[in-house]
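Close look at the chain arrangement
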Amino acid sequence: SAILDGGSGTINLYSTGTGASRPFVKNTNGVFTPSTGIVQYEQQDVPAATDIQNTIYNNLILGGYGDSDTETYSLMGSTIVSGTLTIGDTTDTGVHTLDTTSANSYALSAGSLVINSQGALTANNSTITLTGSGTPFTKNGAFTAGGSTVNYTGTSATNITATTYNNLSLTP
């Protein structure tokens, strides 16, 4: 089996694609160790769909590098980001959207979630769990709740972001 260790740096994925043609494919025998690094998906001026490998990430960034295209990223399965999930980049003029995939309503868990001004999250019917304390959800872009449930599960004082939720759960 192949092993990829994320280390402490950034893995930049400058590509688009869906299914077997997506930029990061982890097969059933492969191992991805997120370590303390960042994985960044960036479509670089190619407005196309990109599937996000379902795995555990330390920090995950969708979008960036000041491009002007509208880009959509879709979860391929339940996904965990132990650190920060950042959607969109403040230097972009195009919107980067994460879609939890309406047909499957994949679960998403993150220590913290940042939706920048050029970012959007379409939650569909997914369960989104925010495990961080303090302010684990920063929303400067668009959040479309759909039929989703957002769980705040921080173990100490946690600020709840003012937005429209379909279902909201507070579980210390």
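Look up: the structure comes first, before these words.
Read on for an overview of the structure. Along each chain, numbering runs from 1 in the same order as the chain's sequence is written. Totals for whole chains, interfaces and linings use all residues, but because this is a predicted model, local features are given only for residues with pLDDT of at least 70 and pairs of side-chain atoms are given and counted only at 80 or more. Hydrogens and water molecules were not included; the side-chain quantities draw on all heavy atoms of the structure.

Some details on the overall build of the protein chain
Selection rule: Runs of E in the DSSP output that reach at least two residues are strands. Runs of H or I that reach at least four are helices, and both are numbered from the N terminus. The globule rule is 2.2 Å times the number of residues to the power 0.38, and the radius of gyration it is compared with is taken over C-alpha atoms. Only protein chains enter the accessibility calculation, which uses a 1.4 Å probe. A residue is then buried if its area is under 20% of the maximum for its type, exposed if over 50%, and partly exposed in between. Contacts were defined at the residue level, with two residues in contact if any of their heavy atoms lie within 4.5 Å. Per-residue and other accessible areas follow the Shrake-Rupley method at a 1.4 Å probe size, with only the shown protein chains counted as cover for residues.
When you go through the protein chain residue by residue, the secondary structure sums to 0 helices and 17 strands. In terms of overall size, the protein chain behaves like a compact globule, its C-alpha atoms giving a radius of gyration of 15 Å where 172 residues would be expected to give roughly 16 Å. Structurally, the protein chain occupies a C-alpha span of about 40 × 35 × 30 Å along its principal axes. Relative to its 172 residues, the protein chain shows a buried fraction of 47%. Long-range contacts, defined here as pairs at least 24 residues apart, represent 53% of the contacts in the protein chain between residues at least 6 apart. If you sum the accessible surface of the protein chain, you get close to 7,500 Å²; carbon and sulfur atoms cover 49% of it.

Observations concerning the pairing of strand S7 (residues 59-62)
A regular strand carries its side chains on alternate faces of the sheet. Rules: When DSSP finds two or more bridges between two strands, those strands count as paired.
In the sheet, strand S4 (residues 38-41) pairs with S7 via 4 bridges, with the strands oriented parallel. When the sheet's bridge partners are listed, isoleucine 38 is paired in S7 with asparagine 59. Two elements, S7 and strand S9 (residues 79-87), share 3 bridges in a ladder whose sense is parallel. Considered in S9, the bridge of isoleucine 61 is made with threonine 86.

As for a nonpolar patch on the surface
Test applied: A patch consists of residues exposed above 30% relative accessible area that lack any salt bridge, with like charges linked at up to 9 Å and nonpolar side chains (Val, Leu, Ile, Met, Phe, Trp, Tyr) linked at up to 5 Å. What makes a salt bridge here is a side-chain nitrogen of Lys or Arg within 4 Å of a carboxyl oxygen of Asp or Glu, nothing more.
Judged by side-chain polarity, Ile160, Leu168 and Leu170 come together as a nonpolar surface patch covering roughly 260 Å² of accessible area. With respect to the helices, strands and loops of the structure, isoleucine 160 is situated in the loop between strand S16 (149-152) and strand S17 (167-170). Accessibility expressed as a relative area gives 36% for isoleucine 160, which makes it partly exposed.

Some points on the nonpolar core
We count it as follows: What is meant by a nonpolar core is a set of buried Ala, Val, Leu, Ile, Met, Phe, Trp, Tyr and Cys residues, joined one to another through side-chain atoms within 4.5 Å.
Among the nonpolar cores identified, the biggest contains 30 residues, and Tyr41, Tyr57, Leu60, Leu62, Leu85, Leu98 and Phe143 are the most heavily contacted of them. Taken together, the elements giving at least two residues each to this core come down to S4, S7, strand S8 (71-75), S9, strand S11 (108-115), strand S13 (127-130) and S16. Counting residues per element, this core draws most heavily on S11, at 4 residues. Leave out the neighbours within four places in its chain, and tyrosine 57 touches Phe24, Phe32, Pro34, Val39, Tyr41, Ile52, Thr79, Ile80, Val81, Ser82 and Gly83.

Quick word on the pairing of S9
Of the strand pairs in this sheet, strand S6 (residues 56-57) and S9 are connected by 2 bridges, and their pairing is parallel. Across the sheet, the residue bridging to tyrosine 57 is valine 81, located in S9.

With respect to the sheet that holds S8
This is how it is decided: An axis is simply a line fitted to the C-alpha atoms; with a helix, the fit covers only the stretch in contact. Between two such axes, the angle follows the N-to-C directions and lies from 0 to 180 degrees.
The 5 strands are arranged S5-S8-S10-S12-S15 in an open sheet whose pairing can be described as parallel. On the outer flanks of this sheet lie strand S5 (49-52) and strand S15 (142-144), each paired with one strand and no other. Pairs of neighbouring strands in the sheet enclose a mean axial angle of 20 degrees, with direction left out of account. Relative to S8, S5 is paired through 4 bridges, and the arrangement is parallel. For threonine 50, the partnering residue across the bridge sits in S8 and is tyrosine 73.

Some points on empty space enclosed by the protein
How we decide: The rule is simple: put a 1 Å grid over the protein atoms alone, call a set of points where a 1.4 Å probe fits but cannot get out a cavity, call an open set with protein on both sides within 12 Å along at least five of seven lines a pocket, and count a residue as lining if it has an atom within 4 Å of a point. Grid points are joined across faces, edges and corners, and a volume is the space filled by probe spheres set on the points. Nonpolar residues are Ala, Val, Leu, Ile, Met, Phe, Trp, Tyr, Cys and Pro. Charged residues are Asp, Glu, Lys and Arg, and all others, Gly as well, are polar.
Counted by the stated rule, this structure contains 1 cavity of 30 Å³ or more. By volume, the largest cavity is sized at about 40 Å³. Around the largest cavity, the lining residues are Gly6, Ile11, Phe32, Pro34, Gly37, Ile38, Val39, Tyr57, Asn58 and Asn59. Taken together, the residues that form the lining of the largest cavity break down as 6 nonpolar, 4 polar and no charged.

Examining the side chain of threonine 161
For threonine 161, the position within the fold is in the loop between S16 and S17. For threonine 161, the residues in contact, after removing those within four places along its chain, are Thr135, Phe137, Thr138, Lys139 and Tyr152.

Quick look at the environment of tyrosine 165
Keep this limit in mind: Polar contacts here mean pairs of N or O atoms no more than 3.5 Å apart (in protein, one a potential hydrogen donor and the other a potential acceptor; neighbouring residues in sequence count only if both atoms are side-chain atoms).
Its location among the elements puts tyrosine 165 in the loop between S16 and S17. Spatially, the C-alpha atom of tyrosine 165 lies 8.4 Å from that of threonine 144, the residues being 21 residues apart in sequence. With residues up to four places along the chain from it excluded, the contact list for tyrosine 165 reads Phe137, Phe143, Ala145, Val150, Tyr152 and Ile160. Here tyrosine 152 takes part through its side chain, which lies 2.6 Å from a polar atom of the side chain of tyrosine 165. A polar atom in the side chain of tyrosine 165 sits 2.7 Å from the backbone oxygen of threonine 161.

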